[in-house]
Structure formats: structure tokens, C-alpha cells
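Okay, here's what each chain looks like letter by letter:
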Amino acid sequence: MPREDLQPLRHNHLLKKEFEHLGLDLAAVFHFTPLDLDLENRRLESLLDFVKRYQQYGSRESMEAVEGKFIYPPIYPGIDPWSDWYRFERWMRGESVREAIVNLFPIHKEFLSEEELDDDQIESETQRLIETIESTGNGVCLAEDIPARLIYRNLMEWINEPHELSGPYGGGWIYDGCSGYCPGCFQRPWCETGSSSCWPDDEEEGKIYYIDELKPYVSASPQLLAIISKLQAEEDASFEEWKNENETKKEAGPFLDHEGLRDHSNEDELPF
């Protein structure tokens, strides 16, 4: 390998060593890009510079006073200014920046597993669980009319997964249960998008596809597949029409209003 090709690798190694000497775990707040070392090195340099300035000034307030402006810690992922600062300062102190939401619950708030709750308990316990999640600064936003047992089961799984901490003034996490993949979603039968979109899984199944978790609650029929296929075709046609209209406008070039000050060529909204 030519000597010049080794330079980014050597520089990368030295930068990471600096964080090691500072006792800082890069993996907690950094997104590595090993296939693009130049990009990774620029990000490492930016973060290291920020760390050293923070050490020099001693606090966020002092840094902002000297800089004369609000400063954003260059950590990953960037969520919002308050959350980023909260996680950055915890990281600098060697504290965790990710935590399971259940660990943020008040110590006296305990919840049984779904299997331990009977049908008379599940409704009230689901509501208590949602209220406890909201008390931590996080939230729940699901489709209406989903059976309580399904909600409870999926929320219990979600609160036990690690999440980036948001801090006392940052925005919390909102659980909407949506991955963007309708056939794998537990709320598909009660979701407008899920019940009107047609996926290859549906076509292979010969009917709308539901995960096993849903089978005690809903059943699919070939007739329903015909309905969602028609709805999907209408949506696809609407999107194609919108795309063709915008391609035509792009070819014609931007147009200005009567004052000649504003480009309106990209102001159309999606048709759905």
C-alpha cells in the first residue's frame, strides 16, 4: 500500500488513542465510517476539538459565553440541542447515555408480565403502564381500538430496550409501533395505512398478511386482498401522476412570482 494511503489510517489510529487517553468511550456517541476514513477523521477531529474546549471552559454555559452563541455537541445521534448536551455531559463524566425506559420508572412502579394478567386486569394495567411511560417524559401514540393485551405486550418489549437518554428538557421518545413494514406490524388491522396498502407478502399469501400474534383477534380473507390491491393501485397511480407533473416543471425550469423573488417550482405537496 502506498505511503500516502496509510496516512488517513495512521491519523485515525492517533485520534482514537486520544479518546482512549481521556477515558472516553467513542462507541457511545460516535458513528464510525470505516469505508470513508477521511469523513471519520473529520468527525473525530470535530468531536475532539469540542471535548478539549469543554474541558478548557469547564461548562456549557462558559463555552457559550465565550463563543457568544449556542453550540451543539457533535455527537451521534443528534436528537435535539438539550438531549445532545445532556448526553454529552453524561458521557464526559463516564455515565451511560443510553438506558432502558423501564429503568427510569419510579422504584415503586412494577409491572407483571402479560402472561400473569387476566382479562379483567389487562385494561387497567395497560393504562397504568402508559401513564408511567408518560411520567418519564416519553409517550405512546398508537392506532385506536387495538386490544389492550397487544398494546401491553409490545410496550413491555419496547420499555426494556435501551434508548438514547433525552434529559429533563429534551424531547422524549414516542412509541408509535410503526416500522414502516405493514405485514410485520401488530397494529395493521387498526391502522389506516396498514389496512389499505398491498405488499408482496399479501400477494404471496393470497390474502392480507397478518403476523401470528394477530390471529386470535382477526382473520384475513381473499376478498380483502382485492380491496387493498385496488387501493394500492389508486395510490400508485396518484403518485405517478404527481411525479410526472413535477418532472415536467423541472424541465421547464423554476418560475418566479410577480415580484421575481421566489421560486415556486417545488411547492406542490404529495397527493396523499
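So, here is what we can say about the structure in this document.

### As for helix H4 (residues 81-92)
Here is step 1: For H4, spanning twelve residues, the distance from its first C-alpha to its last is 16 Å, which sits close to the expected 16 Å at 1.5 Å a residue.
Here is step 2: Judged by how many residues are buried, H4 sits mostly within the fold: nine of twelve residues are covered.
Here is step 3: Taken residue by residue, H4 has Pro81, Ser83, Asp84, Trp85, Arg87, Phe88, Arg90, Trp91 and Met92 as its buried positions.
Here is step 4: Sitting at the amino-terminal end of H4 is Asp80, which places a side-chain oxygen 3.1 Å from the backbone nitrogen of Trp82.
Here is step 5: Looking one or two residues beyond H4, the residue adopting positive phi is Gly94, at roughly 80 degrees.

### A few points about unusual backbone geometry
Leaving glycine aside, a negative phi is the common case for residues, and trans is the common case for peptide bonds.
Here is step 1: Here the amide bond leading from Tyr76 into Pro77 is cis, since omega sits at -5 degrees, within 30 degrees of zero.
Here is step 2: For Pro77, the location among the structural elements is in the loop between helix H3 (60-67) and H4.
Here is step 3: One non-glycine residue with positive phi stands out, namely Asp145, at about 70 degrees.
Here is step 4: The topology assignment puts Asp145 in the loop between strand E2 (139-140) and helix H6 (148-159).
Here is step 5: A residue is classified by how much of its surface remains accessible, and Asp145, at 66% relative accessible area, is exposed.

Rules of the game
Sequence order sets the numbering: in each chain, residues are counted from 1 along the sequence as written. Per-residue local features of the predicted model are confined to residues with pLDDT of at least 70, and side-chain atom pairs are confined, for both listing and counting, to 80 or more; whole-chain, interface and lining totals are unaffected and use all residues. The side-chain values count all of the structure's non-hydrogen atoms but skip hydrogen atoms and water molecules. Starting at the N terminus, helices and strands are each numbered in turn, a helix being any DSSP run of H or I of at least four residues and a strand any DSSP run of E of at least two. Under the convention used throughout, the expected extent of a helix is 1.5 Å for every residue step, that is, one less than its residue count. Burial here depends on accessible area, computed with a 1.4 Å probe over protein chains only, as a share of the maximum for the residue type. Under 20% is buried, over 50% is exposed, and the range in between is partly exposed. Under the rule applied, a polar contact is a pair of N or O atoms within 3.5 Å (in protein, one hydrogen donor and one hydrogen acceptor; residues adjacent in sequence only if both atoms are side-chain atoms).

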